[in-house]
Amino acid sequence: PENCVACGACAKACPKGLITMIPETSKIYVSCSSQAKGAVTRQACSVGCIACGICVKNCPVGAIHLEHNHAVIDEGKCIACGMCAVKCPRGIILDADGIFTEKA
């Protein structure tokens, strides 16, 4: 993050469209942008979103929904409580401050 200038070149260059630009102010974010179904994701990636919906069910303000087989956070509704990050069984919802999840 300290080297990113938010030009979007990496997102444009990714041949599979897996890099997504998120606002710098986003405290909680989904670190997976795969749109494959859960079974396909499980075969290809050990930490990909499988659209299980646990984050949706545990968000106290309804800020998360599933779209194209992955979680999407509505930044306007998110209160950065971290419940989604704590409950995500795949560990793909992270917080920018590292309070709720451990980053590798």
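It should be emphasised that the depicted structure is a prediction, and the values quoted were computed from it without experimental measurement.

*Asks:* Just checking my understanding: could you explain the side chain of Arg90 for this structure?
*Replies:* When you line up the elements, Arg90 lands in the loop between helix 4 (83–87) and strand 4 (93–95). Asp95 provides the closest opposite charge to the buried, salt-bridge-free Arg90, at an N-O distance of 17 Å. Side-chain polar atoms of Arg90 contact the backbone oxygen of Cys45, separated by 2.8 Å. Separated by 2.9 Å, the side chain of Arg90 and the backbone oxygen of Gly48 make a polar contact. Beyond its immediate chain neighbours, meaning those up to four positions away, Arg90 contacts Thr41, Arg42, Cys45, Ser46, Val47, Gly48 and Ile50.

*Asks:* What am I meant to see in the confidence of the model for the chain here?
*Replies:* Any segment with low pLDDT has predicted coordinates that should not be analysed in fine detail. Per-residue confidence for the chain averages 87 on the pLDDT scale, and 96% of its residues sit at or above 70. Here helix 2 (residues 38–44) is the element of the chain with the lowest mean pLDDT, 88, and helix 3 (residues 54–58) is the one with the highest, 96.

Rules of the game
- Residues numbered from 1 in each chain as written.
- Predicted model: local features only at pLDDT ≥ 70, side-chain atom pairs only at ≥ 80, totals over all residues.
- Heavy atoms only, no water.
- Helix = DSSP H or I, 4+ residues; strand = E, 2+ residues; numbered from the N terminus.
- Buried < 20%, exposed > 50% of the residue type's maximum accessible area, 1.4 Å probe, protein only.
- Lys, Arg positive; Asp, Glu negative; His and termini not counted.
- Salt bridge = Lys/Arg side-chain N within 4 Å of Asp/Glu carboxyl O.
- Polar contact = N/O pair within 3.5 Å; in protein donor to acceptor, adjacent residues only side chain to side chain.
- Contact = heavy atoms within 4.5 Å.
- pLDDT = per-residue confidence, 0-100.

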